[in-house]
Amino acid sequence: MLTLGSLALASPWLLVALAALPIIWWLLRVTPPAPRRIAFPAIRLLLGLAAREETPARTPLWLILLRVALAMLVIVAAAHPLLNPQTRLASTGPILVIVDDGWAAARDWPARQAALADLLAEAEREDRQVVLLTTAPPATNEPAASLAPIRPADARATVQALQPKPWPVDRRAALARLEALSLADSTSAFWLSDGVADGESQALAAYLAGRGSLHYIAAEPGQTPLLLAAGD
């Protein structure tokens, strides 16, 4: 991403196409060859007829400038300009995204997917890889695959196919997978929590905060799950 003051370009390499504007100018100014004159007696029948439409000999200058300006705007728009971009991702290297995908996250799951999409879009603009970790155990007893950095586009496809599971999360197993990954000391982590604390929440948060910066993302207080305590 190229930043120019308050304006940033997500795909600045597309601006190379601006070098083709002189060629476009030349093509728009090309005049077709003049018609040949062939003597034909019957053409005298057309003498004196007034033409309803006239074709100019060359393209007007204002029309050429308008077409060149439109071509330039298309090229700049393809470079994805951003006004006042905000860099949310601290440090460098891959970012860590933890997603609580248990039963408590099912209520506002579309909003959670939208928040994840915005985060992955920011990672793609900053050319950062993503380590995606879900905390709910899988439906089968097969061991979970080892964590590894992937491209934001691959992470986006995984998030789009991700659905909440009808059982609680297992943050202890998620912490064990993180410890096996050997995170760097300057890792930027984003935890999209379901808002339900358990005995392992503090341990997971302390581990992430000790490896860098931790951003805790949860629903609004009125949107969190309602838990019923046992009666007397």
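Read on for a plain summary of the structure. Worth saying up front: this structure is predicted, and the values here are computed from it rather than measured. (Residues numbered from 1 in each chain as written. Predicted model: local features only at pLDDT ≥ 70, side-chain atom pairs only at ≥ 80, totals over all residues. Heavy atoms only, no water.)

1. Side note on the pairing of strand S7 (residues 212–217)
Both strand S6 (residues 187–192) and S7 contribute to a ladder of 6 bridges, which runs parallel. What sits directly across from threonine 187, in S7, is glycine 212. Once the chain exits S6 it traverses helix H6 (residues 201–210) before rejoining the sheet at S7, and the crossover so formed is right-handed. (Pairing = 2+ DSSP bridges. Helix = DSSP H or I, 4+ residues; strand = E, 2+ residues; numbered from the N terminus. Right-handed = clockwise from strand over helix to strand, strands pointing away.)

2. Describing the sheet that holds S6
Judged by pairing direction, the sheet is parallel, and its 4 strands sit side by side in the order S5-S4-S6-S7 without closing on themselves. Edge positions in the sheet fall to strand S5 (130–134) and S7, since each has one partner strand and no second. Recorded for the sheet is a direction-independent mean angle of 15 degrees between the axes of neighbouring strands. Along the sheet, helix H3 (residues 109–125) makes contact with strand S4 (95–99), S5 and S6, crossing S4 at roughly 175 degrees. Contacts from helix H5 (residues 171–181) reach S4, S5 and S6, with the element oriented near 155 degrees to S5. (Axes fitted to C-alpha atoms, helices over the stretch in contact; angles between N-to-C directions. Contact = heavy atoms within 4.5 Å.)

3. Observations concerning a nonpolar patch on the surface
A grouping of Ile23, Trp26, Leu27 and Val30 is seen on the molecular surface, where their side chains present a nonpolar patch of about 440 Å² in accessible area. By the secondary structure assignment, isoleucine 23 is in helix H1 (residues 21–29). On the basis of relative accessible area, isoleucine 23 is assigned to the exposed category, the value being 53%. (Patch = residues over 30% accessible without salt bridge, like charges linked within 9 Å, V, L, I, M, F, W, Y side chains within 5 Å. Areas by Shrake-Rupley, 256 points an atom, 1.4 Å probe, with all protein chains shown as cover. Salt bridge = Lys/Arg side-chain N within 4 Å of Asp/Glu carboxyl O. Buried < 20%, exposed > 50% of the residue type's maximum accessible area, 1.4 Å probe, protein only.)

4. A few points about the pattern of salt bridges
By the definition in use, this model includes 10 salt bridges. Residue arginine 156 pairs with glutamate 124 through a salt bridge whose shortest N-O separation is 2.6 Å. Of this pair, arginine 156 sits in helix H4 (residues 152–161) while glutamate 124 sits in helix H3; the two residues are 32 residues apart in sequence, bridging distant segments of the chain. Between arginine 171 and aspartate 198 there is a salt bridge, with the nearest N and O atoms lying 3.2 Å from each other. Taken as a pair, arginine 171 in helix H5 and aspartate 198 in the loop between S6 and H6 lie far apart in primary sequence, 27 residues in all.

5. Focus on the nonpolar core
Counting residues in hydrophobic clusters, the biggest one holds 16 residues, and the most contacted among them are Val97, Val99, Leu116 and Val130. Of all the secondary-structure elements, those providing two or more residues to this core are S4, H3, S5, H4 and S6. Per element, the largest residue contribution to this core is 5 residues, and it comes from H3. In contact with valine 99, other than residues within four places in its own chain, are Trp109, Leu116, Leu132, Leu133, Thr134, Thr135, Leu162 and Leu192. In this structure, Leu133, Leu178, Leu183 and Leu204 belong to the second largest nonpolar core, which totals 14 residues. (Core = buried A, V, L, I, M, F, W, Y, C linked by side-chain atoms within 4.5 Å.)

6. Description of the pairing of S4
Counting buried residues in S4 gives 5 out of 5 residues, a clear majority hidden from the surface. By the alternation rule, side chains of S4 split into Ile95, Val97 and Val99 and Leu96 and Ile98, which are all buried. Taken together, the 5 bridges between S4 and S5 define a ladder with parallel strand orientation. In the sheet register, valine 99 faces S5, and the bridge partner there is threonine 134. Crossover handedness for the path S4 to H3 to S5: right-handed. The pairing of S4 with S6 spans 5 bridges and is parallel. Looking at S6, one finds that isoleucine 98 is bridged to tryptophan 191.

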